[in-house]
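Each chain is listed here by its residues.
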Amino acid sequence: MIRVGVLGARGRVGVEVCKAVEAAGDLELVAAIDRDDPIESLQGAQVVVDFTHPDVVMGNLEWAISHGIHPVVGTTGFDEGRLATVRGWLERFPGTNCLIAPNFGIAAVLMMHFAQQAAKYFDSVEIVELHHPNKADAPSGTARRTAELVAEARAKAGMGPMPDATSSELDGARGADVNGVHVHAVRLAGLIAHQEVLLGGNGEILTMRHDTMNRASFTPGVLLGVRRIAELPGLTVGLEPLLDL
Ligand SMILES: NC(=O)C1=CN([C@@H]2O[C@H](COP(=O)(O)OP(=O)(O)OC[C@H]3O[C@@H](n4cnc5c(N)ncnc54)[C@H](OP(=O)(O)O)[C@@H]3O)[C@@H](O)[C@H]2O)C=CC1
Ligand SMILES: O=C(O)C1=N[C@H](C(=O)O)C[C@H](O)C1
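Cut-offs applied
Residues numbered from 1 in each chain as written. Chains lettered and ligands numbered in written order. Predicted model: local features only at pLDDT ≥ 70, side-chain atom pairs only at ≥ 80, totals over all residues. Heavy atoms only, no water. Phe/Tyr/Trp six-rings, centres within 6.5 Å; stacked < 30°, edge-to-face > 60°. Helix = DSSP H or I, 4+ residues; strand = E, 2+ residues; numbered from the N terminus. Buried < 20%, exposed > 50% of the residue type's maximum accessible area, 1.4 Å probe, protein only. 1 Å grid on protein atoms, 1.4 Å probe; cavity = no way out; pocket = protein on both sides within 12 Å on 5 of 7 lines; lining within 4 Å. Points joined across faces, edges and corners; volume = space filled by probe spheres on them. Nonpolar A, V, L, I, M, F, W, Y, C, P; charged D, E, K, R; others polar. Near = heavy atom within 4 Å. Polar contact = N/O pair within 3.5 Å; in protein donor to acceptor, adjacent residues only side chain to side chain. Areas by Shrake-Rupley, 256 points an atom, 1.4 Å probe, with all protein chains shown as cover. Sits in = over half its atoms within 2 Å of the grid points.

Any aromatic ring pair is given by two values, namely how distant the centres are and how the planes are angled relative to each other. A full pass over the atoms with the stated rule returns one aromatic pair. Pairing F51 with F104 gives two aromatic rings, centres 6.0 Å apart and planes at 55 degrees, and the pair type is tilted. Within this pair, whereas F51 is found in the loop between β3 (47–50) and α2 (57–66), its partner F104 is found in the loop between β5 (98–100) and α4 (106–118), the two being separated by 53 residues in sequence. Note on F104: relative accessible area 1%, which makes it buried.

One number sums up the size of the largest pocket: a volume of about 990 Å³. Forming the walls of the largest pocket are 40 residues, and the residues nearest its centre are F51, T52, H53, P54 and T75. Tallying contributions element by element places helix α1 (residues 12–23) first for the lining of the largest pocket, with three residues. Residues belonging to the lining of the largest pocket are distributed by class as follows: 14 nonpolar, 17 polar and nine charged. Roughly 340 Å³ of volume is contained in the second largest pocket. For the second largest pocket, the lining is made up of 22 residues, of which F78, L83, R145, E148 and V237 are closest to its centre.

Here we take up the site of ligand 1. Surveying the vicinity of ligand 1 reveals 21 residues, the closest of which are R12, D34, R35, T76 and F104. The contact in question runs from an oxygen atom of ligand 1 to an N or O atom on the backbone of G11, over 3.4 Å. Burial of ligand 1 by the protein amounts to 79% of the accessible area it has alone, namely 910 Å². More than half of the atoms of ligand 1 fall within 2 Å of the grid points belonging to the largest pocket.

Okay, the site of ligand 2 next. The local shell around ligand 2 consists of T76, P102, N103, H131, H132, K135, S140, G141, T142, A193 and F218. Within the side chain of H132, one N or O atom sits 2.9 Å away from an oxygen atom of ligand 2. With respect to ligand 2, the side chain of K135 contributes an N or O atom lying 2.7 Å from an oxygen atom. Against a free-state accessible area of 320 Å², the protein chains account for coverage of 84% of ligand 2. Structurally, ligand 2 is housed in the largest pocket. When grouped by side-chain class, the residues that make up the shell around ligand 2 number three nonpolar, seven polar and one charged.

Any functional reading would require information beyond the geometric quantities listed.
Here you go:
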């Protein structure tokens, strides 16, 4: 049995994670913690799953890592600076590992992977992400990561900037620039989480679209991370290596 704690246990995703852990024969839910609950209740857990808020996740990670508990993190808001800080904490506590995945949905991970593979064949790539209006961060972690992977693939292929003659614009009209890839964020009542990657070339457009239909869709990826984290040394970013991608 792997002893699991959940941070953000009463949140939209945390509730689903708790249900999935409780339903799994090889996992034991030993702590279900939300805002204002003492983090010390995590003592005794081997793995902690974090679906909280970008403002609090770093404090949670520092506590868990310094107590030898492997974090499996869905909370977003990670940039290179934050990832470097987490790596530093892990170096101080060897034997403790951490998985940070901007999206635990298997189809979303495949979309990111396919976008990375396709990027070098197209002059232009732009990303449109669409989410529920209660989301704190923009662009989404998934969109940011997709843009980073696309930019990396283009750089590796020796490609320059994308064609764009814009010389006059309202602030924000062209979206956020993530390593040269434009990312547009929609916040709309009724949505859960959706993304389109638009790839344009000579007379052809390839559109990849991913739709999250419910939040239980994240739990198979989370449980995969919980089961594998003890054997993944240091920091792992993204679910790709666990899916042999
Ligand atoms: N990687 C992935 O696959 C996915 C990632 N996410 C990300 O996960 C995060 C959470 O999303 P979601 O579940 O929709 O958000 P919610 O706001 O529904 O849930 C977050 C929960 O965490 C609680 N919380 C706040 N601070 C703390 C704290 N210090 N300790 C413990 N709990 C705390 C919140 O309480 P209160 O409401 O009182 O603030 C709330 O109950 C976001 O960053 C989101 O982008 C979401 C879906 C999938
Ligand atoms: O806040 C959400 O809802 C989601 N957050 C993650 C992100 O920022 O990419 C994953 C998914 O898009 C749902």
